[in-house]
Every structure is written in structure tokens, then in C-alpha cells.
Amino acid sequence: MSARTHTRPHPAPRGGADSRLPWWALALPTLAFITLLVLILNPADAHAATGEPALTQVLERAQQLIAR
């Protein structure tokens, strides 16, 4: 006795549920890759961070803007 096979009533979509990607899903990884590649090719442009924390610089800049 052979088993009965079940077939789908509708053909399955080709690309899954939703095969369209937003523009940034390709643009952001590409931008990150190019940025890292440029830093690897020219490491002289990749400056080390200064000893001051970023928060201190932001607060000093805000203080300068308020003093104007």
C-alpha cells in the first residue's frame, strides 16, 4: 500500500515571504566595508583617540556656545 503525498494548494513564493530589501540594508554594510578598507590601505590616516573623553569635549563645547 503506497502512502499518499500531500501537495500544496498554491505554489510557494520564489523569494520567501518578502524578498525585497530596503535601500539601507545594502548601503550600510557597503559603506562600512569601504571605510574599513580605506583605513587598512592607509593606516596613517587612522589617528588614535586623544586622552580626553568625548563627554568632556562635548561639555566644553556646550559651555563655549552658551557663553556667546
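Up top is the structure.
The structure displayed is predicted, hence computed values, not measured ones.

**Student:** Residue-level account of the overall build of the chain, with values.
**Tutor:** On a plain count of helices and strands, the chain comes out with two helices and zero strands. Classification of the 68 residues of the chain by burial places 0% in the buried group.

**Student:** If you had to explain a nonpolar patch on the surface to someone new, which residues and values would you point to?
**Tutor:** A grouping of Phe33, Ile34, Leu37, Val38 and Leu41 is seen on the molecular surface, where their side chains present a nonpolar patch of about 520 Å² in accessible area. Among the structural elements, phenylalanine 33 can be located in helix H1 (residues 24–41). Overall, phenylalanine 33 belongs to the exposed group, its relative accessible area being 55%.

**Student:** Residue-level account of helix H2 (residues 54–67), with values.
**Tutor:** If you check H2, its first and last C-alpha atoms are 20 Å apart, about what 14 residues at 1.5 Å a residue would give, namely 20 Å. The element H2 is barely covered by neighbouring structure, given that only zero of its 14 residues are classed as buried.

Basis of the calculations
- Residues numbered from 1 in each chain as written.
- Predicted model: local features only at pLDDT ≥ 70, side-chain atom pairs only at ≥ 80, totals over all residues.
- Heavy atoms only, no water.
- Helix = DSSP H or I, 4+ residues; strand = E, 2+ residues; numbered from the N terminus.
- Buried < 20%, exposed > 50% of the residue type's maximum accessible area, 1.4 Å probe, protein only.
- Patch = residues over 30% accessible without salt bridge, like charges linked within 9 Å, V, L, I, M, F, W, Y side chains within 5 Å.
- Areas by Shrake-Rupley, 256 points an atom, 1.4 Å probe, with all protein chains shown as cover.
- Salt bridge = Lys/Arg side-chain N within 4 Å of Asp/Glu carboxyl O.
- Expected span 1.5 Å × (residues − 1).

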